[in-house]
Amino acid sequence: MDEADRIQIAVAECHRLSSSLAIVGHGSKALLGPLRGEDTLSTQSLSGILDYRPEELVVTAWAGTSLGELTEVLAEKRQMLPFDPPRFDGAGTLGGALASGLSGPARPWRGSVRDAVLGVEIVNGRGQRLRFGGSVMKNVAGYDVSRLMVGARGMLGVILSASVRVLPMPATEATLAVACDAGEAGRLVRHWARRPLPITATCYCQNTLHLRLSGSAAGVASARSALGLHEGGDPLLWAAVRDHAHPFFADSAGSVTRVSLPRGSRFDAEDALIEWGGCQAWSPDGSIELPDGGFATTFAPGRQPSTRPVPDAATAKVAARLKDAFDPSGVFNPGVEH
Amino acid sequence: MSNPKVLARLRAALPAASVLTGEHAVRPFETDGLTAIRETPWVVVLPETVEQVRTVLAICREHRVPVVTRGAGTGLSGGARPLKDGVLLTLTKMNRIKEVDLDACTATLEPGVTNLAISEAVREHGLYYAPDPSSQLACSIGGNVAENSGGVHCLKYGLTVHNVIGLKVETFEGDELVLGGKTLESPGLDLLAIMMGSEGMLGVVTEVTVKLLPLPVAKTVLLGSFGVLEDAGRAVGAIIAEGIIPAGLEMMDNPSIRAAEDFADAGYPREAAAILLCELDGTAEEVAADAHRVQAVLASHGADVRLATDAADQERLWKGRKAAFPAMGRLSPDYYCMDGTIPRAKLAEVLNGIGELSEEFGLRVANVFHAGDGNLHPLILFDANVPGQLERAEDLGDRILRLCVDAGGTVTGEHGVGVEKLNTMCVQFNDEELAQFHALKAAFDPDGLMNPGKAVPTLARCSELGGMRVHQGRVPHPELERF
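What counts and what doesn't
- Residues numbered from 1 in each chain as written.
- Chains lettered and ligands numbered in written order.
- Predicted model: local features only at pLDDT ≥ 70, side-chain atom pairs only at ≥ 80, totals over all residues.
- Helix = DSSP H or I, 4+ residues; strand = E, 2+ residues; numbered from the N terminus.
- Rg over C-alpha atoms; globule rule 2.2 N^0.38 Å.
- Buried ≥ 20, exposed ≤ 12 C-beta atoms within 10 Å, placed from the backbone.
- Contact = placed C-beta atoms within 7 Å.
- Expected span 1.5 Å × (residues − 1).
- Arc of directions from axis to C-beta.
- Domains from an automatic or database assignment.
- Nonpolar A, V, L, I, M, F, W, Y, C, P; charged D, E, K, R; others polar.
- Pairing = 2+ DSSP bridges.
- Axes fitted to C-alpha atoms, helices over the stretch in contact; angles between N-to-C directions.

Let's shift gears to the overall build of chain A. The number of helices and strands found in chain A is 11 helices and 17 strands. Relative to its length of 338 residues, chain A is compact, with a C-alpha radius of gyration of 20 Å against a globular reference of 20 Å. With respect to the three principal axes, the spread of C-alpha positions in chain A is 65 × 45 × 35 Å. Evaluated residue by residue, chain A yields a buried proportion of 54% over its 338 residues. Taking the intrachain contacts of chain A between residues at least 6 apart in sequence as the baseline, contacts between residues at least 24 apart amount to 67%.

Written as structure tokens, this is what we have:
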């Protein structure tokens, strides 16, 4: 019996007994609040790369594989996870990255976690082991359950393994800095969005806008001169922002609010850290005013994240039914809200 | 079906020209792009507003009449095949571009807007909509959502799922789901993702917001001609292993090359075993550098390489590829287009397998291949006027899709399951997986009256086909005795 069988049997037993499980990988995402469950189901021993063929641009790995190991293996072939997921305290698993659905600094340009997911194997709440999607880029056979698992926070099933798309690492990257206020930073990123520039990250914090360019040496050099930007910035900034190791997060004293901003909207809170080409901001102010079409999620220690505005009734109804469709007896992660 | 009460209510709710009945009027709607499968719809409605869509759904809900949603009818799997006792809800009249937001680089569209019309409307602003299925002149964005359509540029720019950021969906129950929007993330479960490629089974898409990209400043096309097919397959992997993501990477085998060349005079070498078309885009510096590297990779795999000299030459090279399907019309009275996806590394193996099957069935097969993303379109040539040939072509198609599944691929890359691939779905998924699909549908459509009978086979259907099914080494229905 392998580790996946063990998980399947544990879930089936919980389904039979109507008991519950908290699904845990490295347990690095305290940000997302505590998990409740009569027992803990760890995916940590479900680890290792199942298949990696660089020329297919796909890697398949067990859910408990550490992101550190995975990125190292990819880096040996000069490839990377396009969604560059956070590694809080340096930890985190592939399954956790999918379940939490948190994407890194390149999200607007290289896509989100769900954009990269091609297939999953899961155990649903009935204890059935199911495969959806596959390891190919294009696949419209059946509903896209693989992508539904992303960001579902384990509500619908235990992810056993996943196939995700990878990308070649760029030959060159340059981090540049511009001194400006938040309003000017917003104007600049909106202006750049309309031009075919090799931008792969932006971050405004405390009167400096940082910008990352990625591509061939010639492409990066020409973009740099087209932008007229010469001042370099710290290339380690991006990992620090991604992993909440940036001083901004240390200052935010436990509670932090993520503001999802509509593309092209104006947002110039000086005390916020604004990334993703102006589409995601982190603010110490939980009651910060939202632009039309935006939403905010407040993360506080020991609590489930709270989102405003709350999802409308029609969407909540379908989400509740989907929970029932995958996990009818409520085995997984009780208390995690859909 | 002739429920006069339903008809009267539909007529009262919609403009006279938006309710079609009678054989003559509904004939154009009896099939989609998969013309072998036909059904005469009972009534065709063409609403002009979302309110009218809601009214139609309300009437159908009260009278328990099934609804099939249809866009431009270019789908290739029979997903929009009408029902003889159902309403065919056709959204082509809802074709307004509601908003182009230049700050956000988005466009908000009614579902009947054609794919190409989006790019045409925003070209003056230096923007475009990336997915470009070959039917882009006619196919609608609502249909693109239903099928998660791709095109020749999706290796680099993604499928519909990567480019549609918001939807409004009317459910059969009468709710409106507002999914996604102009933010990059959405709270809660990713219902937006699940709508992509859902084939009209979950709800009616009434509004689509897409992201727009800046037009690339530079582009070039290379043609590599190979004497050995396997070399072309290996060259594809080698280009990607070099760290290059081409905008487009297409392969054609010899029968396709000849047909396309006869038809379009694209300058392809008629004797080549295979050609690769590689399009690169980006900044001028990047394109020049990558072209140089691709040229070297192709040459090192035994190809004769030609770099397009100018924009007109690029267009000529693409013209042959784009003409591949119509060109088949010259080779054969009919062709049947398959749509498997395979890991690229298995290409040579699968093509050899297709060659053997082609001989076994006595039907010619030409192959065009979205090589970048592993999406294979074998075109089975046949003559429907010869008794039995259509059935033989369908059987051959079925066998080819099994080859794709066995190679670790899928029965449909971009055309959808519709009614065409219901049987092969039984090969790819086991009963528990299919049951999960049915449960997922019921979360959106508890009555099961949205496009019933499509996309996911019933367990009973698969059971009848059972003898042939071995899924990932697991024998289906282990509870049944086998003799």
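Following the structure, the description resumes.
This brings us to helix α17 (residues 431–444) of chain B. Residues that lie three or four places apart on an α-helix share one face, since the helix turns once every 3.6 residues. Residues and elements named next belong to chain B. For α17, with 14 residues, the first-to-last C-alpha span of 21 Å sits near the 20 Å given by 1.5 Å per residue. Among the residues of α17, Glu433, Leu434, Gln436, Phe437, Leu440, Lys441, Ala443 and Phe444 are the ones counted as buried. One side of α17 carries all its buried residues, which in axial view fall inside an arc of 165 degrees.

The next subject is the domain arrangement of chain B. Residues and elements named next belong to chain B. In terms of domain boundaries, chain B breaks down into domain 1 (4–90), domain 2 (97–214), domain 3 (218–325), domain 4 (332–406) and domain 5 (422–468). Here the C-alpha centre of domain 5 lies 24 Å away from the C-alpha centre of domain 4. Between domain 4 and domain 5, the contact holds four residues from the first and four residues from the second. When its residues are assigned to classes, the side of domain 4 that touches domain 5 shows two nonpolar, no polar and two charged.

Chain B puts 76 residues into the contact, and the matching count from chain A is 66 residues. Listing elements by their share of the side of chain B that touches chain A, those giving two or more residues are α6 (154–157), β9 (176–180), α8 (191–195), α9 (229–241), α11 (284–300), α16 (422–428) and α17 of chain B. Examining the composition of the side of chain B that touches chain A, we find that nine residues originate from one element, α17(B), more than from any other. Among the residues forming the side of chain B that touches chain A, the class breakdown is 35 nonpolar, 26 polar and 15 charged.

All names here are of chain A. The antiparallel open sheet is built from eight strands, whose spatial order is β10-β12-β11-β14-β15-β13-β16-β17. The outermost strands of the open sheet, each flanked by one partner alone, are β10 (172–179) and β17 (306–308). Put simply, the sheet's adjacent strands are angled 15 degrees from each other on average, direction ignored. Direction of pairing for strand β16 (residues 295–299) relative to β17: antiparallel, over a ladder of three bridges. Across the sheet, Ala296 pairs through a bridge with Arg308, a residue of β17. Together, β10, β11 (199–205), β12 (208–215) and β14 (273–275) form the strand contacts of helix α7 (residues 182–193), whose direction differs from that of β11 by roughly 170 degrees.

Bringing the pairing of β16(A) into the picture now. Bridge count for strand β13 (residues 256–260) of chain A against β16(A) is five bridges, and the pairing is antiparallel. Within β16(A), the position partnered with Val259(A) by the bridge is Ala296(A).

All names here are of chain A. By the assigned domains, chain A splits into domain 1 (3–168) and domain 2 (172–299). Facing 12 residues of domain 1, the contacting portion of domain 2 comprises 14 residues. Of the residues that constitute the side of domain 1 that touches domain 2, the class distribution is seven nonpolar, one polar and four charged.

Two faces, one strand: in a regular strand the side chains alternate between the faces of the sheet. Residue and element names in this part refer to chain B. With nine of its nine residues buried, strand β14 (residues 274–282) lies for the most part within the structure. Here β14 shows a buried face lined by Ala274, Leu276, Cys278, Leu280 and Gly282 and a second buried face lined by Ile275, Leu277, Glu279 and Asp281. With nine bridges connecting them, strand β12 (residues 218–226) and β14 associate as antiparallel partners. The partner of Ala218 across the bridge, within β14, is Gly282. Summarising the sheet, strand β13 (residues 248–253) and β14 pair through six bridges and their orientation is antiparallel. In the sheet register, Glu250 faces β14, and the bridge partner there is Leu277.

On to the sheet that holds strand β3 (residues 49–53) of chain A, then. Residues and elements named next belong to chain A. The five strands are arranged β3-β4-β8-β6-β7 in an open sheet whose pairing can be described as antiparallel. Among the strands making up the open sheet, the edge pair consists of β3 and β7 (129–133). Across the sheet, the axes of successive neighbouring strands diverge by a mean angle of 15 degrees, strand direction being ignored. Taken together, the four bridges between β3 and strand β4 (residues 58–62) define a ladder with antiparallel strand orientation. Following the sheet pairing, Tyr52 is matched in β4 by Val59. Here helix α1 (residues 3–17) sits on the sheet and contacts β6 (117–124), β7 and β8 (157–165); the angle it forms with β8, its principal contact strand, is near 140 degrees.

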